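This is what each chain is made of:
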Amino acid sequence: MAEKLMKYADATKKYDVVFGLETHVELCTKTKLFCPAEVHFGGEPNTQLTPVSLGLPGSLPVVNKTAVDYAIKLGLALHCEIAEWSQFARKNYFYPDMPRDYQISQYDKPTNGNGYLDVELEDGTVFRVPIERAHIEDDAGKNTHVGGADGRIEGADHSLVDYNRAGVPLIEIVTKPIEGAGDRAPEIAGAYMRAIRDIVRALGISHARMEQGNMRADVNVSLRPSADAPYGTRSETKNVNSFRGIEKTIQYEIRRQAARLDEGKEILQETRHWDEATQTTAGGRVKSDADDYRYFPDPDLVMLHITKEHIAEIEAQMPEMPRERRNRLKAEWGLSDLQMRDILNADALDLIEDTVKAGASAAGARKWWLGELSREANNKGVSLEELPVTPADVAEVEKLIADGKLNDKLAKQTVAGVLAGEGTPDEVVAKHGYKIVEDTGAIEAAVDAAFEANPDVVEKLKSGNMKPMGVIIGAVMKATRGQADAKAVTKIVMSKIK
């Protein structure tokens, strides 16, 4: 039975929205957090294993130093206080994808705590998101439920478990309750998650590909009558793995909870699941409190001692942060806020910057990645970076245009050849014999033929009406198979009509 919902505008006027995000970021270390099993996406099930990741008796964990350094980098980027001493704890629960029957996480002594992240919204507003902690833990395996709808456990007749992911290092970034967002809560959540993705990619600590599970979030939402009232009971929607899904989860939960509160019904403290097909959340189990997990220090692991000197070493290696980089590039490229937003929405900033570094102008690089290549990506249902064309290829095409060897039409045909796997731009040009017709005699002959076929257009041009000029240029381009230079054609046409 469908849940009753209140209109979003009414819900946010009547109730004060409080939300929080628990973001799991999978680190791109070569090996797992506590053992030397290799980590790579898409391997054969149950092939990236050691006795430690399987939780076999007698196996002992050893901390991956790189994972700890990655956590420190993220802590610095999130303006966290980095603890000199931090500790791993056992989080006890039973689930088939957790072979030890406990997760190694951090509880009361996390590596990073008490930070914040300023996120910029589309209208330029900056909203500060408070960070409670960013702690290190290992991931669980993956269950695949067979026989049910959409891979869910309901209705499944059996389940398969892949332990390749078990033991992969994660950082869980937990916000404090986020207050004061009002009806912009979904927008702020989306902007925050995109900022986290950009930061971890800039740091080089995660691929942050949500479709591969590198990054996902648990979304907590509660409502209260006013900003000075105690927090309401929260729901927690687990493992939402798309930006749009996170935004829609918050919007849906606000509407659902408001409708229940309006009818005098209670809000259950429960885990829920986002269903992309129905655009709704569904109830799961009653949410456990920390006491239910029976946390205690892991007796197999000593405390982490992070010195000030080591933090300073890592701080010296920190790259430019995404927000500062965006502002610098916007100024260097002479872009408006809207133009930069278009680039960010297309996830094309890295591609455009790399194209500029390869020799193209910023305007030329932006034209290709937001135009022809964006259309191609949309048609194929892939991201820009998944297209079989590189920034170096785009820069090479731009150089051919600048050198007068290709016009816009030939350039598009060249890029189409690269996308079709015919080779580099130079190879495609050589294969098809693409080149601008430089023989003015041939162009003049084509113009004369176009004049003869379109006498009415010629009369309009002679009278000063330049609107039908495209008819003549189009005919000439067709006669020269698109290889004439449009500027040269225009110049010849103008000289003849005079």
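Residues numbered from 1 in each chain as written. Predicted model: local features only at pLDDT ≥ 70, side-chain atom pairs only at ≥ 80, totals over all residues. Heavy atoms only, no water.

An unreviewed UniProt entry lists the protein chain under the name Aspartyl/glutamyl-tRNA(Asn/Gln) amidotransferase subunit B, with Bifidobacterium goeldii given as the organism. According to its UniProt record, the protein chain has this under Subunit (unreviewed entry): "Heterotrimer of A, B and C subunits." (UniProt positions renumbered as here; feature names shortened; annotations may be inferred.)

Side note on the environment of Ile497
Within the fold, Ile497 resides in helix H17 (residues 486–497). With relative accessibility at 13%, the residue Ile497 sits in the buried group. Considering only alpha carbons, one finds Ile497 and Asn46, 451 residues apart in sequence, at a separation of 76 Å. Contact partners of Ile497, with chain neighbours within four places excluded, come to Phe451, Leu461, Lys462 and Met466. (Helix = DSSP H or I, 4+ residues; strand = E, 2+ residues; numbered from the N terminus. Buried < 20%, exposed > 50% of the residue type's maximum accessible area, 1.4 Å probe, protein only. Contact = heavy atoms within 4.5 Å.)

What about the environment of Gly417?
Tracing the backbone shows Gly417 in helix H12 (residues 408–419). For the pair Gly417 and Val62, spaced 355 residues apart in sequence, the C-alpha to C-alpha distance is 50 Å. Once residues within four sequence positions are removed from consideration, Gly417 is found in contact with Glu422, Gly423 and Val428.

As for the sheet that holds strand S2 (residues 81–82)
With mixed pairing, the nine strands of this open sheet are ordered in space as S2-S6-S7-S10-S1-S11-S12-S13-S14. Two strands lie at the open edges of the sheet, namely S2 and strand S14 (280–286), each paired on one side alone. In terms of strand pairing, S2 meets strand S6 (residues 112–120) through two bridges, oriented antiparallel. Residue pairing across strands places Ile82 opposite Asn112, the latter belonging to S6. Across the sheet, helix H3 (residues 185–203) is in contact with strand S1 (16–26), S6, strand S7 (126–138), strand S10 (169–175) and strand S11 (215–224); its angle to S1 comes to roughly 20°. Helix H4 (residues 243–262) contacts S1, S11, strand S12 (235–240), strand S13 (270–275) and S14 of the sheet and is inclined by roughly 25° relative to S11. (Pairing = 2+ DSSP bridges. Axes fitted to C-alpha atoms, helices over the stretch in contact; angles between N-to-C directions.)

Structural notes on the pairing of S13
A large share of S13 lies buried, amounting to five of its six residues. Across three bridges, S12 lies against S13 in parallel orientation. What sits directly across from Glu236, in S13, is Thr271. As for the winding sense of the linkage, the β-α-β connection from S12 through H4 to S13 is left-handed. (Right-handed = clockwise from strand over helix to strand, strands pointing away.)

Section: the environment of Thr237
With respect to the helices, strands and loops of the structure, Thr237 is situated in strand S12. Look at Thr237 and you get buried, because its relative accessible area is 0%. For the pair Thr237 and Arg328, spaced 91 residues apart in the sequence, the C-alpha separation amounts to 37 Å. In contact with Thr237, not counting residues within four places along its chain, are Ala217, Asp218, Val219, Thr249, Glu253, Arg272, His273, Trp274 and Thr281.

Examining the nonpolar core
Counting 73 residues, the largest nonpolar core has Phe19, Leu74, Ile173, Tyr192, Met193, Ile196 and Ile246 as the members making the most contacts within it. Per-element tally for this core: the top contributor is H3, with eleven residues. The next biggest cluster of nonpolar side chains, apart from the first, holds 30 residues, and it includes Ile352, Trp369, Ala377 and Val394. (Core = buried A, V, L, I, M, F, W, Y, C linked by side-chain atoms within 4.5 Å.)

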